[in-house]
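# Residue-level structural notes
Each chain, written out:
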Amino acid sequence: MSRRIIALIIAVTLCFFMTGCDEKDGSDFIFKYDIPLNPRTLDPQTATGQTAALLISNLYDGLLQVDSGGSIIANIATEYFISDDGLTYTFFLRDDIYWYYDGDFSVACTARDFVFAFRRMFNPAVKSENARLFYSIKNSEKVHKGEIPYLDAIGVEAVNDHELIFTLEYPYPLFPYLLTTSPAMPCNEELFEKTAGRYGLNEAQIPSNGAFYISRWSYDPYSANNNIIIMRRNSKNSQADRIYPLGLNFFIGETDPLVHFLSGNVHSIIAEGESAVALMSRSYPYDSFENSVWGITFNTSGVFQNPDLRFALATGFDREHINVDRNGWRSAFDVVPPLINHGNTPYRIAVGEAKSLNYEPVKAREAYEKGAKAEGYENLTGLSVIIPENREISIGTAFEILSRISQDWQATLGFFCTIKALPEDEFAKALNNGDFDIAMVKLTGDYNSPDAYLSLFGGSIASIPYPASEYNDILVQARHSTDMEESAALYRQAEDMLLSHAVFVPVSYQTEQFFYGKRIEGLVFNPFSRAICYRNAKYF
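Keep in mind that what you see is a predicted model, and the values were worked out from it rather than measured.

### Remarks on the nonpolar core
Across soluble globular proteins, nonpolar side chains have a tendency to be buried as a group. Counting 146 residues, the largest nonpolar core has Phe166 and Trp409 as its most contacted members. Among the elements that take part in this core, helix H3 (residues 111–122) stands out by supplying 8 residues, more than any other. Excluding its chain neighbours within four sequence positions, the residues that come into contact with Phe166 are Leu63, Leu87, Thr88, Tyr89, Phe91, Phe118, Ile137, Gly155, Val156, Phe175 and Leu179. Within the second largest apolar cluster, 8 residues are counted, among which are Val266, Ala271, Ala276 and Tyr284.

### Description of the environment of Met280
With respect to the helices and strands, Met280 occurs in helix H9 (residues 273–281). Between the C-alpha atom of Met280 and that of Phe515, which follows or precedes it by 235 residues, the distance is 8.8 Å. Non-local contacts of Met280, meaning those with residues more than four positions away in its chain, are made with Tyr286, Gln513 and Phe515.

### Topic: the pairing of strand S4 (residues 77–82)
Successive side chains on a regular strand alternate, one facing one side of the sheet and the next facing the other. The pairing of S4 with strand S5 (residues 88–93) spans 5 bridges and is classified as antiparallel. Bridge assignment links Glu79 to a residue of S5, and that residue is Phe92. The turn joining S4 and S5, which pair antiparallel and follow one another in sequence, is formed by 5 residues; a positive phi near 75° is taken by Gly86.

### Structural notes on the side chain of His267
With respect to the secondary-structure elements, His267 resides in the loop between helix H8 (257–262) and strand S13 (268–271). His267 sits in the buried class, given a relative accessible area of 12%. Residues in contact with His267, not counting those within four places in the same chain, are Phe29, Ile30, Phe31, Lys32, Phe261, Phe515, Tyr516, Gly517 and Ile520.

### Structural notes on helix H13 (residues 361–374)
In this model, H13 (14 residues) spans 20 Å end to end at C-alpha, consistent with the 20 Å of a helix rising 1.5 Å per residue. All buried positions along H13 are accounted for by Ala364, Ala367, Tyr368, Gly371 and Ala372. Taken around the axis of H13, the buried residues stretch over an arc of 125°, which confines them to a single face. Seen from the open side of H13, the exposed residues pointing more than 90 degrees away from its buried face are Val362, Lys370, Lys373 and Ala374. In this structure, the buried residues of H13 make contact with helix H10 (307–314) and helix H15 (397–413). Among the residues trailing H13, Gly376 stands out with phi positive, at a value near 85°.

### Observations concerning the sheet that holds S4
The 4 strands lie next to each other as S4-S5-S9-S8, forming an open sheet whose pairing is antiparallel. One side of each edge strand has no neighbouring strand; the edge strands of this open sheet are S4 and strand S8 (156–160). Sheet twist, expressed as the mean angle between neighbouring strand axes with direction ignored, is 20°. Here S5 runs beside strand S9 (residues 163–167); their pairing, made up of 5 bridges, is antiparallel. Bridge assignment links Thr90 to a residue of S9, and that residue is Ile165. Against the sheet, H3 touches S5, S8 and S9, its axis set at about 160° to S8.

### Focus on the sheet that holds strand S10 (residues 212–218)
Read across the sheet, 4 strands follow the order S1-S12-S11-S10 without closing on themselves; strand pairing throughout is mixed. Strands with a single pairing partner mark the edges of an open sheet, and in this sheet they are strand S1 (30–35) and S10. Strand-to-strand, the axes of this sheet are offset by a mean angle of 20°, without reference to chain direction. Here strand S11 (residues 228–233) runs beside strand S12 (residues 247–252); their pairing, made up of 5 bridges, is antiparallel. Looking at S12, one finds that Met231 is bridged to Leu248.

### A look at the packing of aromatic side chains
All told, the structure shown has 30 aromatic pairs when counted by the stated rule. Look at Tyr286 and Phe515: their rings are 5.1 Å apart centre to centre, the planes differ by 40°, and that puts the pair in the tilted class. Residue Tyr286 is located in strand S14 (residues 286–298), and its partner Phe515 is located in strand S21 (residues 504–516); the two are separated by 229 residues in the primary sequence. Three or more aromatic residues link up through ring pairs in this structure, and these residues are Tyr80, Tyr89, Phe91, Phe118, Phe122, Phe134, Phe166 and Phe175. Between the NZ or CZ atom of Lys236 and the centre of the ring of Tyr98, over which it lies, the distance is 4.7 Å. The cationic tip of Lys538 hangs over the ring face of Tyr244; the distance from NZ or CZ to the ring centre is 4.4 Å.

### Observations concerning the packing of helix H18 (residues 468–480) against helix H19 (residues 484–500)
As a packed pair, H18 and H19 sit with axes 8 Å apart at the nearest point and diverge in direction by 160°. The angle between the axes of H18 and H19 places the two elements in the roughly antiparallel class. The crossing of H18 and H19 is left-handed. Every residue of H19 that contacts H18 at Glu470, Tyr471, Ile474, Leu475, Gln477, Ala478 and Arg479 is listed here: Ser487, Leu490, Tyr491, Gln493, Ala494, Met497 and Leu498. Class assignment of the residues belonging to the contact of H18 with H19 gives a composition of 9 nonpolar, 3 polar and 2 charged.

### A few points about unusual backbone geometry
The general pattern is negative phi for most residues beyond glycine and trans for most peptide bonds. Phi is positive for Asp28, which is not a glycine, with a value near 65°. Here Asp28 is to be found in the loop between helix H1 (3–17) and S1. Owing to a relative accessible area of 45%, Asp28 belongs among the partly exposed residues under this scheme. Residues other than glycine seldom take positive phi values, yet Asn139 does so here, at roughly 65°. For Asn139, a relative accessible area of 16% puts it in the buried group.

### Quick notes on the pattern of salt bridges
With the rule as written, the count across this model stands at 20 salt bridges. The partner of Lys363 in a salt bridge is Glu360, and the shortest N-O contact between them spans 3.5 Å. Under the relative-accessibility criterion, Glu360 is labelled partly exposed at 27%. Between Glu512 and Arg530 there is a salt bridge; the shortest N-O distance is 2.6 Å. Taken together, the residues Glu512 in strand S21 and Arg530 in the loop between strand S23 (524–525) and strand S24 (532–533) connect sequence positions 18 residues apart. Here Glu512 falls in the buried class, since its relative accessible area comes to 5%.

### Topic: the environment of Phe122
Counting through the fold element by element, Phe122 comes out in helix H3. Along the primary structure Phe122 and Ser140 are separated by 18 residues, whereas in three dimensions their C-alpha atoms are 6.4 Å apart. Residues contacting Phe122, with those up to four places away along its chain left out, are Ala131, Phe134, Tyr135, Ile137, Ser140, Val143, His144, Leu151 and Ile154.

Parameters at a glance
- Residues numbered from 1 in each chain as written.
- Predicted model: local features only at pLDDT ≥ 70, side-chain atom pairs only at ≥ 80, totals over all residues.
- Heavy atoms only, no water.
- Core = buried A, V, L, I, M, F, W, Y, C linked by side-chain atoms within 4.5 Å.
- Buried < 20%, exposed > 50% of the residue type's maximum accessible area, 1.4 Å probe, protein only.
- Helix = DSSP H or I, 4+ residues; strand = E, 2+ residues; numbered from the N terminus.
- Contact = heavy atoms within 4.5 Å.
- Pairing = 2+ DSSP bridges.
- Expected span 1.5 Å × (residues − 1).
- Arc of directions from axis to C-beta.
- Axes fitted to C-alpha atoms, helices over the stretch in contact; angles between N-to-C directions.
- Phe/Tyr/Trp six-rings, centres within 6.5 Å; stacked < 30°, edge-to-face > 60°.
- Lys NZ or Arg CZ within 6 Å of the ring centre and 35° of its normal.
- Parallel < 35°, antiparallel > 145°, perpendicular 65-115°, else oblique.
- Left-handed = near helix turned anticlockwise from the far one by under 90°.
- Nonpolar A, V, L, I, M, F, W, Y, C, P; charged D, E, K, R; others polar.
- Salt bridge = Lys/Arg side-chain N within 4 Å of Asp/Glu carboxyl O.

Have a look at this one:
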């Protein structure tokens, strides 16, 4: 055999075994993304907010996960079974998932880690705000409220390292979806104890059983430089289930995410309105989601306890007028947006649409005069509408819509008000404390169900101007019903109650787009939690 042929064979063989040559699989890239704020904690059982959910989703793997189509699929669980009465969930777990902590991968993730995690969450001393989401688990509410002093009374049991059983108080069809969320992530007791009370607070105190671990968490609230969270691939877990990226870099508090994206410094961005149009014109690929609704709500502990005044303002503006020619915004008449499913069926198709609060200027004026007189006013003055000051405000859309509403109120009712844009933390505080007259709020559910939107009421968004128990009882019945038609009808009954009492007045559905680089594929964006799954992301 000639030397030239031998050399050719060697070259072909090397090309086959070496990554590189001309064939690339898109792996080993470091993806970068802007996050708006530094998370207070990355402890899954206590963390709240979408930023924390995004980071936790890449640090931890739970029993189940949401795929790119929104379906629930296995993750650490290989399979699971639900008893005929809907009260018992039995999970069988993989044996090839490991914890990363302090440079070591030797600790396996087992069913006992889920038991410890749920006991932590329901421990009254932990004060987890997430616990109430899982009150369907047997005895969990009583343990969390201190009525039962034993954590092992909670209906979560590890039969062995690879078999886990949940026992519920009542059937809850949404339970599998809840197991995909941050609070349901596992926690290893041995590694937790090593953190000496600082679990989730810095890179040295965050065990990870997911696709990535934190190698650096740097944040200085007084500096705009080097505020970053760096994650790197969990190599042990990648052996069993390939993780394509080498790592992830999250920049904290970037002042202009759009410029950052256009310059190539980050690889994806959530945009809407004019920003989205600009990115579309440059042919960036994107996924589109209409899962938010803006609307008006009233403080019913003051003058707006009067139903005539609420009805007057609810029907005293023209949605078709205020939403015209606005990219990604359209008129809304319902509380639950069209994107939302109930089971496998779009909720709006299952229950239909409503227009109970349409524009009715004559009736609105009559109701306004009647309500003002009943409250002892010839005309209402000195009232204000608060709105959050955020990116939507800066490009004008939400603020302009509210301005048009106030103009319609002036023309139709003779009602004058001032508009106050508050920083988001001050806005949330005002809602929680009832320190407002009228507010324009944005609703975005944390999960794909009408329950995620309807359960927001009665708490921080608005006080319900009728017995809260009546509304909450309807929601409880809807959650517990295993008959999907009956459940949908109950959710619609609750939604109609909000509309008929003008507790929340829908104004606009808002569409957002998740844009990413032209050489990227495999990113999975959850429009509800806003988490991004990077496990199968590739850059070519």
